[in-house]
Amino acid sequence: MREIKEELVQRLATLYPGDAASLCELSFEGPFQLAVATILSAQCTDRIVNSVTEALFGLFPDAKSLAGADLGRVETLIRPTGFYRNKAQNIVSFSRELVERYDGEVPDTIDRLVELSGVGRKTANVIVTVGFSKPGIAVDTHVIRLSGRLGLTEFTDPERIEMDLLGWLAPLDAAAFGLRLILHGRRVCSARKPKCEACPLGDICPSFSTL
DNA sequence: ATCCCGAGGG
DNA sequence: CCCTCTGGAT
């Protein structure tokens with residue numbers, strides 16, 4: 001089993017080369033914009049997130065400016081991402097909390113990040129790994145689905161899966177591995193109709209053609 | 001467990 | 001029409 005996992009890590013790295021920062025498809029400049037883009041990415045494609053953040057960050061590029069933004073204005077700007085009332089409230093509150101507690105700077109630890117509005121464990125892990133190049137793995141819907149299909153875990157609880165994966169991945173490889181699972185999940189191993197015929201991992205996947 | 005909620009694919 | 005998209009808060 002260990003060989004299978006190592007083989008999987010190697011093949012994914014070849015299929016989707018690059019480091020965590022380059023594998024993340026969100027458009028942003030700096031940890032603050034990454035954090036906001038990630039909050040907006042909940043239940044939404046990154047393409048739509050990028051289409052709204054261009055205007056959003058043009059008007060409110062940092063925590064201090066977004067902290068003073070009109071809520072209705074923000075709602076209108078991010079509406080296409082869905083859950084727009086919650087998300088608008090969250091990113092404005094998030095910005096105000098950063099200004100009040102950290103002088104507008106984004107903290108770089110999971111514990112501090114999850115205390116902030118709209119930031120759960122998954123989002124915190126994205127900020128820490130992609131924004132600050134620290135060890136960790138963001139377990140989202142894709143990572144959950146592919147981890148199950150590939151036989152990497154028996155669990156469905158995100159935090160449990162996170163611990164399972166961190167248990168055998170090299171710390172500094174974990175983030176990129178997670179992002180590669182996401183890319184593969186989007187392009188090949190989709191939730192609805194996975195393209196097993198065209199999957200380069202078919203020969204080592206326990207779920208090959210059983211989906 | 002439930003709500004938030006728009007957009008795109010099949 | 002139904003399902004899914006880089007979830008989080010209650």
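Note that the structure is predicted; figures quoted are calculated from it, not measured. (Residues numbered from 1 in each chain as written. Chains lettered and ligands numbered in written order. Predicted model: local features only at pLDDT ≥ 70, side-chain atom pairs only at ≥ 80, totals over all residues. Heavy atoms only, no water.)

Participant: Report on the protein's contact with DNA strand C, specifying residues and quantitative values.
Facilitator: Neighbouring DNA strand C are 25 residues, the closest being Q43, T123, D140, H142 and R145. Within the backbone of G120, a nitrogen or oxygen atom sits 3.1 Å from a phosphate oxygen of DNA strand C. Within the side chain of K122, one N or O atom sits 3.0 Å away from a base oxygen of DNA strand C. Split by residue class, the surface near DNA strand C holds 8 nonpolar, 9 polar and 8 charged. (Near = heavy atom within 4 Å. Polar contact = N/O pair within 3.5 Å; in protein donor to acceptor, adjacent residues only side chain to side chain. Nonpolar A, V, L, I, M, F, W, Y, C, P; charged D, E, K, R; others polar.)

Participant: I'd love a proper account of the pattern of salt bridges, names of residues and values included.
Facilitator: Following the criterion strictly, the structure yields 8 salt bridges and no others. Two residues, K64 and D103, come together in a salt bridge whose shortest N-O distance is 3.8 Å. With K64 in helix α5 (residues 63-67) and D103 in the loop between α7 (84-102) and α8 (110-113), this pair connects stretches of sequence that are 39 residues apart. On the basis of relative accessible area, K64 is assigned to the exposed category, the value being 53%. The salt bridge partner of R101 is E115, with a shortest N-O separation of 2.7 Å. Pair noted here: R101 is in helix α7 and E115 is in the loop between α8 and α9 (121-132), with a separation of 14 residues, a long-range link. Judged by its relative accessible area of 43%, R101 is partly exposed. Within the structure, one salt-bridge network assembled from shared partners comprises E25, D46, R186 and R187. (Salt bridge = Lys/Arg side-chain N within 4 Å of Asp/Glu carboxyl O. Helix = DSSP H or I, 4+ residues; strand = E, 2+ residues; numbered from the N terminus. Buried < 20%, exposed > 50% of the residue type's maximum accessible area, 1.4 Å probe, protein only.)

Participant: For the protein's contact with DNA strand B, give the residues involved together with the corresponding values.
Facilitator: Taken together, Q43, R47, I48, R79, P80, G82, F83, Y84, R85, N86 and R192 are the residues near DNA strand B. A share of 51% is what sugar and phosphate atoms reach among the atoms of DNA strand B within 4 Å of the protein. Note that a phosphate oxygen of DNA strand B is positioned 2.7 Å from one of the side-chain N or O atoms of R85. R192 has a polar side-chain atom sitting 2.3 Å from a base nitrogen of DNA strand B. Mapped onto the surface near DNA strand B, the elements with two or more residues apiece are α4 (46-59) and α7. Looking at the surface near DNA strand B residue by residue, the classes come out as 4 nonpolar, 3 polar and 4 charged.

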